[in-house]
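Geometric and topological summary
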Amino acid sequence: MSRPHGGKLVDRLVPEKKRSRAKEEAGEMMTVSVSNELRKDFESIAFGIFSPLEGPLIRDDYLSVLEKGRLRNGLPWTFPMVLDVSEEVGRGIHVGDDVALADDGGNFGVLHVEDKYSLDRKIHALKIFKTLDSEHPGVARTNNMDPVLIGGGISLFKETPSKFPRYRLKPKETRFLFKEKGWRTIAGFQTRNAPHIGHEYVQKTALAFADGLFINPLIGRKKRGDFRDEVIIDAYDALFRNYYLSNSATLVTLEMEMRYAGPREAIFHAIVRKNFGCTHFIVGRDHAGVGNYYGPYEAQEKFDEFPDLGITPLFFRSFFYCRKCGSVSNEKVCPHGPEDHLNFSGTKMRGLLSKGERPSPDMMRPEVIDAILKHPQPFVS
Amino acid sequence: MGESDEVSIRIPAHLYRKISERIEGTSFSSVEDYAVAKLSEEFPQDPVYTKEEEELIKERLRKLGYIE
């Protein structure tokens, strides 16, 4: 099992018996309201999913992440976790303050302010997403960010109820689970899709040499046309019940939004799975990409810059069904031409499913199709 | 690891040079750092839990159906 990133699993949850006191104290502080997505990120920090981060980045770390994809101590970290506030709110916050963090449900934590600095949206977008095109969902979000960034450590005294409590585990728990199962090597699989046969093939290929498979779908804000969270869960549930062994594969959700930052996000996704205990991380074609902003294998190439990542990437090319081979194959092993190949086109499958039609069983398991089609609207609109 | 727990090993000089080049600009501050990290991946330590933590986590994993 991998050591946590930075050597230690961060735990910023206030112990149960001190929570009511912490909540009371937060009630007397200035309050900063955050979005649901940011709150989830704060929970990820508190649970250790984003170890070694203990809160939103201070300026030096932020700039180092933008420039080098590393924290100022040199540790790989490619996606900046920041807390943005308006100028008006920022004026009331000073280094050394404790401020309460709140969402619609009230206060949930405290930020111990260590730094306050300005956001340059253009530089942020260009460094992280490699474009200023506002059609890119990450750039569009950056353009809507507030101009003041606040950094420091957090303490969380209230957890949000999960949308899928059956599947939500903290790294402390997954690490225990892996130990209980006797898995030494664990391949992590990131997804924001309902699985087709190509996904299953990649997962099972990785499982051929890893002790365990950790499927970790992202639950949270996604772009229009992506599968809805409940559809992804139902589809994987169907796949697991029918085509996986419980002693070699497990399904756990990750409540976090997609950033569509391609190569940088691939490294970030790998770090997150390392914190869950994975030793390997599957990286396919156009990982965390959107549109044509990144090359199809740019995310895989990015890993060359991080020999100190502490988790081994497993690179996969595109899989297809070959009529001549009579099986799933890929360009590395199949000698037949494109005329014999059926590509696992997610776009095509989504197109069929959106009309209530069934993709062929060579493309998607019938049980998975049933699980998707029982939802009247399987896609984010 | 305390100083007295450490030992020295010898590696070929060409390997040492290659590692030095590879770790330039990374979080590894020395070839020793790199070697320890790689060997730790090969021989990982199990996470340590207190008895109380272990019971709580086990109970939760059992309830959720992850273990029997």
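Everything that follows concerns the structure shown earlier in this document.
A few points on the structure. (Residues numbered from 1 in each chain as written. Chains lettered and ligands numbered in written order. Predicted model: local features only at pLDDT ≥ 70, side-chain atom pairs only at ≥ 80, totals over all residues.)

Moving on: the overall build of chain A. Helix and strand counts for chain A stand at 13 helices and 14 strands. Here chain A has a C-alpha radius of gyration of 21 Å; the compact-globule value for 381 residues is 21 Å, and the two agree. Counting only C-alpha atoms, chain A reaches 70 × 45 × 45 Å along its principal axes. Here chain A, with 381 residues, has 49% of them falling under the buried criterion. For chain A, the proportion of contacts with a sequence separation of at least 24, taken over those separated by at least 6, is 76%. (Helix = DSSP H or I, 4+ residues; strand = E, 2+ residues; numbered from the N terminus. Rg over C-alpha atoms; globule rule 2.2 N^0.38 Å. Buried ≥ 20, exposed ≤ 12 C-beta atoms within 10 Å, placed from the backbone. Contact = placed C-beta atoms within 7 Å.)

Per the secondary structure count, chain B includes three helices and zero strands. The order of helices and strands in chain B, counted from the N terminus, is α-α-α. Buried positions account for 6% of the 68 residues belonging to chain B.

Right, let's talk about the sheet that holds strand β3 (residues 98–103) of chain A for a bit. Residue and element names in this part refer to chain A. If you trace the five strands from one edge of the open sheet to the other, you get β1-β3-β4-β5-β2, paired in mixed fashion. Strand pairing shows two members of the sheet lacking a second neighbour, β1 (31–33) and β2 (83–85), which therefore form its edges. Going from strand to strand, the sheet's axes swing by 45° on average, the running direction of each strand aside. Bridge count for β3 against strand β4 (residues 106–118) is six bridges, and the pairing is antiparallel. The residue of β4 that forms the bridge with Ala 102 is Asn 107. Along the sheet face, helix α1 (residues 19–26) touches β3, β4 and β5 (148–156) and points at about 55° away from the line of β4. (Pairing = 2+ DSSP bridges. Axes fitted to C-alpha atoms, helices over the stretch in contact; angles between N-to-C directions.)

Quick look at unusual backbone geometry now. Generally, phi is negative for residues other than glycine and the peptide bonds are trans, each holding for most cases. All names here are of chain A. Residues Ser 51 and Pro 52 are joined by a peptide bond in cis, for which omega reads 10°. With phi around 65°, Lys 130 is a residue other than glycine that occupies positive phi space. Looking at the element boundaries, Lys 130 is found in the loop between α5 (121–129) and α6 (137–143). Overall, Lys 130 belongs to the partly exposed group, with 18 C-beta atoms counted inside 10 Å. In the Ramachandran plot, Ala 288 falls in the positive-phi region, its phi being about 55° despite a non-glycine side chain.

Turning to α5 of chain A, a few remarks are in order. All names here are of chain A. For α5, the full list of buried residues reads His 124, Ala 125, Ile 128 and Phe 129. An end-on view of α5 places all buried positions within 90° of arc, on one side of the element. In this structure, the buried side of α5 is in contact with α3 (59–68), α6 and α10 (262–276). At the C-terminal side of α5, Lys 130 shows a positive phi close to 65°. (Arc of directions from axis to C-beta.)

The next subject is the interface of chain A and chain B. Listed per partner, the contact involves 19 residues of chain A and 17 residues of chain B. Per-element accounting of the side of chain A that touches chain B gives the leading share, seven residues, to helix α7 (residues 171–181) of chain A. The residue inventory of the side of chain A that touches chain B, partitioned by class, reads six nonpolar, four polar and nine charged. (Nonpolar A, V, L, I, M, F, W, Y, C, P; charged D, E, K, R; others polar.)

Let us now look at the packing of helix α9 (residues 229–243) of chain A against helix α13 (residues 366–373) of chain A. Residue and element names in this part refer to chain A. α13 packs onto α9 with a crossing angle of 155° between their chain directions and a minimal axis gap of 8 Å. Accordingly, the angle class assigned to the pair α9 and α13 is roughly antiparallel. Between α9 and α13 lies a crossing whose hand is right-handed. Contacts between α9 and α13 involve Val 231, Asp 234, Ala 235, Asp 237, Ala 238, Leu 239 and Asn 242 from the first element and Glu 367, Val 368, Asp 370, Ala 371 and Ile 372 from the second. (Parallel < 35°, antiparallel > 145°, perpendicular 65-115°, else oblique. Left-handed = near helix turned anticlockwise from the far one by under 90°.)

All right, on to the nonpolar core then. Residues and elements named next belong to chain A. Leu 101, Leu 111, Ala 187, Phe 214, Ala 235 and Val 368 are the most contacted members of the largest nonpolar core, which has 107 residues in total. The residues that make up this core include at least three from each of domain 1 (16–156) and domain 2 (165–373). Not counting residues up to four positions away in its chain, the partners in contact with Phe 214 are Ile 186, Ala 187, Gly 188, Phe 189, Thr 250, Val 252, Arg 273, Phe 276 and Cys 278. (Core = buried A, V, L, I, M, F, W, Y, C linked by C-beta atoms within 7 Å. Domains from an automatic or database assignment.)

Direction of pairing for β1 of chain A relative to β3 of chain A: parallel, over a ladder of three bridges. When the sheet's bridge partners are listed, Ser 33 of chain A is paired in β3 of chain A with Ala 102 of chain A.

Next up on the list: the environment of Pro 137 of chain A. Residues and elements named next belong to chain A. Within the secondary structure layout, Pro 137 lies in helix α6. Sequence-wise, Pro 137 and Arg 358 are 221 residues apart; in three dimensions their C-alpha atoms are separated by 30 Å. With near-sequence residues (within four places) excluded, Pro 137 lies in contact with Lys 223, Tyr 260 and Val 290.

A separate point is the sheet that holds strand β13 (residues 327–330) of chain A. Residues and elements named next belong to chain A. Taken in spatial order, the three strands line up as β13-β12-β14 in an open sheet, and their pairing is antiparallel. Either end of the sheet is taken by a strand with one partner, and the two such strands are β13 and β14 (341–343). Neighbouring strand axes in the sheet, compared pairwise and without regard to direction, differ in orientation by 45° on average. Note: strand β12 (residues 319–322) against β14, three bridges, orientation antiparallel. Its bridge partner lying in β14, Tyr 321 is registered against Leu 342.

Bringing the packing of α7 of chain A against helix α3 (residues 51–64) of chain B into the picture now. Relative orientation of the contacting elements α7 of chain A and α3 of chain B amounts to 80°, with a least axis distance of 10 Å. Classed by the angle they form, the pair α7 of chain A and α3 of chain B counts as roughly perpendicular. Of α3 of chain B, the residues touching α7 of chain A (which contributes Lys 172, Glu 173, Phe 176 and Leu 177 of chain A) are Ile 57, Arg 60 and Leu 61 of chain B. Here the contact of α7 of chain A with α3 of chain B is composed, by residue class, of four nonpolar, no polar and three charged.

Any functional reading would require information beyond the geometric quantities listed.
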